Amino acid sequence: MRAAPLEVMTTFFPGKRGTAPRAAQRGVEESSLAKWTLIGIALVFCVGFLLLPLLNVFAQALAKGGAHYWRSLTEPDSRAAIRLTLMVAAICVPLNVLFGLAAAWAIAKFEFRGKPFLVTLIDLPFSVSPVVAGLMLVVLLGQQGFFGEWLAAHEIKIIFAVPGLVLATVFITFPFVARELIPVMQAAGTEQEEAALTLGASGWQTFWHVTLPSVKWGLIYGVILCNARAMGEFGAVSVVSGHIAGLTETMPLRVQALYEGATTATTAAAFAVASLLALLALLTLGVKSALEWRQARAERIAASGAGQR
Amino acid sequence: MARQRHNVLPGFSLTMGFTLFYLGAIVLIPFAALVLRALELSWLDFWRLATTERALAAYRLTFGASLIAAAANGVFGTLLAWVLVRYHFPGRRSLDALIDFPFALPTAVAGLTLASLFAPDGWLGRYLVPLGIKGAFTPLGVVIALTFVGLPFVVRTLQPVLQNLEREVEEAAATLGAGRLRTFAQIIAPTLLPAVLTGLALAFARAVGEYGSIVFISGNLPFKTEIAPYLIVQRLEEYDYTGAIALAVVLLVFSFLLLGAINLLEQWSRHARRPA
């Protein structure tokens, strides 16, 4: 097991399904009154605290009617925000996939000194407040920053422009793919690759035909988590965006701008944009559950196979 | 060196080189920039900027609300993990999937919908506000948002530990005549404690840096409902870069201390789960 300090922070735990007691033995189970009271509290808490907020997003989004909902999503500034969010994610996710594959290959398949330190450094963005992450980029690339004058002289705009949004998002989502891939690649070992190489496959062929298929599901898992965070990031992009409607507003920033309009119409519009992000969250949860279900089934099959031997 | 064992595999220098380059460009250089700018401050200036009255009020709210939220998560998270692992009931799997919802939902949306739920005309606020429980634009709102954001940490840290708990020990306790409550208090709770504390610390760490959800629900009034990350943004908007940097350093130092504590807790937790 790797020394991952903030494991839970981002990994939606590949949840293993609960094993409820098969035979209720006397003294090892609570009385059914206690049991159902606890279940009741859990249900009320989850419905009130998790389900209601979700339903509320859609109820508020449609509060002014379907036509207003549609207008809110299709007005130019909202369309621009949706486009920008998709574009930022489309740049950020492939970059972090490339990094994740490279880092996982180096860390999982080779031994070298300082490996735990490297893994800690990869996790670093998780322990930095998003606002502080944004501030780091401003300090480096902003007008008063280290490269501010040089960038201004060459008329390159990063902070308060789209490149800044991309950099902030890449920083925040930096560890997602790598930390899903590293344990999966470590578990896969190196025998398969060694066999392929012995049989005359080139390095790239080995990677494409042996390594990549063996880590496919971990990779997909990392990608959906990375994508969800990239599209939903608020704090870091808020610091570097400059909040120019139609130009540097991503969807979460558009939600805030509309909310600050403080009329019932703009609030409903804010919820309309937010409803798309909530749908993204539901989609992410759906894919995640499907992947976990698949993994649990594979484990059960593997376990029953081992039992018969 | 152990590297000899794997040296038939190609690509180490390529992948390692890219990893270090990318890590440096994306994370380490911006990080170093902040540290360098912070070092330009004298101790006196740093102290003055980091401990203004307004900053102290913001720390108090940030750390206080994060602590209360983490404690609330400790209670409800433990209960949820227990119910999800130990009981079979209709809807258990949906409930289990729903636990990750705060992770998956963008924080801005979480803040937006919670603010509207607890507003005087909201679904929950219309019943709670007449009782004097005001969730929107108050410090309580900050606690509510932080509890929402941190909920999955305790549950997801505790679930695998509960699953691996050996039922034999409980059975032995029962055979020896211990009641269910006594078994829980003396056998189960001590085993779970390290994992609960780890989850609590993770939720706390996340809460201290949280920004997106709070902005919507707290109202951001200086000295009243303003959190430290929001104050950093305010300083930046006033072009007070050194002020923002000083506050950021305080948050960073705190995060790293907490990270160290979490590492220790995890070691303890692994140790506790594997008795000799």
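Everything numeric here is computed off the predicted structure, so don't read it as measured data.

Analysis parameters
- Residues numbered from 1 in each chain as written.
- Chains lettered and ligands numbered in written order.
- Predicted model: local features only at pLDDT ≥ 70, side-chain atom pairs only at ≥ 80, totals over all residues.
- Helix = DSSP H or I, 4+ residues; strand = E, 2+ residues; numbered from the N terminus.
- Contact = placed C-beta atoms within 7 Å.
- Buried ≥ 20, exposed ≤ 12 C-beta atoms within 10 Å, placed from the backbone.
- Nonpolar A, V, L, I, M, F, W, Y, C, P; charged D, E, K, R; others polar.
- Axes fitted to C-alpha atoms, helices over the stretch in contact; angles between N-to-C directions.
- Parallel < 35°, antiparallel > 145°, perpendicular 65-115°, else oblique.
- Left-handed = near helix turned anticlockwise from the far one by under 90°.
- Core = buried A, V, L, I, M, F, W, Y, C linked by C-beta atoms within 7 Å.
- Bend = angle between axes of the 7 residues up to and from the residue.

A. Molecular detail of the overall build of chain A. Along chain A, the regular secondary structure elements total 15 helices and zero strands. Across chain A, every contact between residues at least 6 apart in sequence was considered, and the portion connecting residues at least 24 apart equals 77%.

B. Structural context of the overall build of chain B. Per the secondary structure count, chain B includes 13 helices and zero strands. Helices (α) and strands (β) of chain B occur, in sequence order from the N terminus, as α-α-α-α-α-α-α-α-α-α-α-α-α. Reported as C-alpha extents along the three principal axes, the dimensions of chain B are approximately 70 × 70 × 35 Å. In chain B, which comprises 276 residues, the proportion classed as buried is 47%. Relative to all contacts within chain B whose residues are 6 or more apart in sequence, the contacts with residues 24 or more apart total 78%.

C. The interface of chain A and chain B, seen in detail. Taken residue by residue, the interface counts 86 residues in chain A and 90 residues in chain B. It is helix α2 (residues 32–61) of chain A that contributes the most residues to the side of chain A that touches chain B, 16 residues altogether. Across the side of chain A that touches chain B, the residue classes break down as 60 nonpolar, 17 polar and nine charged.

D. Structural detail: the packing of helix α8 (residues 162–173) of chain A against helix α12 (residues 216–232) of chain A. All names here are of chain A. Put simply, α8 and α12 touch, their axes get as near as 9 Å, and they point 140 degrees apart. Comparing their axes, α12 and α8 come out oblique. Like other packed secondary-structure pairs, α8 and α12 cross with a definite hand, here right-handed. Taking contact as the criterion, the partners of Thr-169, Ile-172 and Thr-173 in α8 are, on α12, Cys-226, Arg-229 and Ala-230. The class makeup of the residues in the contact of α8 with α12 is three nonpolar, two polar and one charged.

E. Molecular detail of the environment of A:Arg229. Residues and elements named next belong to chain A. Considering the arrangement of structural elements, one finds Arg-229 in helix α12. Residue Arg-229 is classed as buried on the basis of its 23 C-beta neighbours within 10 Å. Ignoring sequence-local partners within four residues, the contact set of Arg-229 consists of Ile-172, Thr-173 and Phe-176.

F. Structural detail: unusual backbone geometry. Residues and elements named next belong to chain A. The backbone of Phe-160 shows a phi angle near 65 degrees, a positive value even though the residue is not glycine. Note on placement: Phe-160 falls in the loop between α7 (148–153) and α8. Here Ala-262, not a glycine, exhibits a phi torsion of approximately 60 degrees, which is positive.

G. Examining the environment of A:Val166 more closely. All names here are of chain A. Here Val-166 is to be found in helix α8. For the pair Val-166 and Ser-241, spaced 75 residues apart in sequence, the C-alpha to C-alpha distance is 10.0 Å. Discounting chain neighbours no more than four positions away, the residues touching Val-166 are Val-88, Ile-91 and Cys-92.

H. Region of interest: the nonpolar core. Counting residues in hydrophobic clusters, the biggest one holds 161 residues, and the most contacted among them are A:Leu135, A:Ala274 and B:Ala248. Element by element, the count of residues in this core is highest for helix α4 (residues 76–109) of chain A, at 15 residues.

I. Focus on helix α1 (residues 12–39) of chain B. Helix geometry: α1(B) is bent most strongly at B:Gly24, by close to 45 degrees. Where α1(B) is concerned, the buried positions are B:Thr15, B:Thr19, B:Tyr22, B:Val27, B:Pro30, B:Phe31, B:Ala33, B:Leu34 and B:Arg37.

J. Quick peek at the packing of α4(A) against α12(A). All names here are of chain A. The N-to-C vectors of α4 and α12 enclose an angle of 140 degrees; their axes lie 9 Å apart at closest approach. Like other packed secondary-structure pairs, α4 and α12 cross with a definite hand, here right-handed. Between α4 and α12, the residues in contact are Thr-85, Val-88, Ala-89, Cys-92, Val-93, Asn-96, Val-97 and Gly-100 and Gly-222, Val-223, Cys-226, Asn-227, Ala-230 and Met-231, respectively. A breakdown of the residues in the contact of α4 with α12 according to their chemical character gives nine nonpolar, five polar and no charged.

In short, the description is geometric, and any link to function would need to be established separately.
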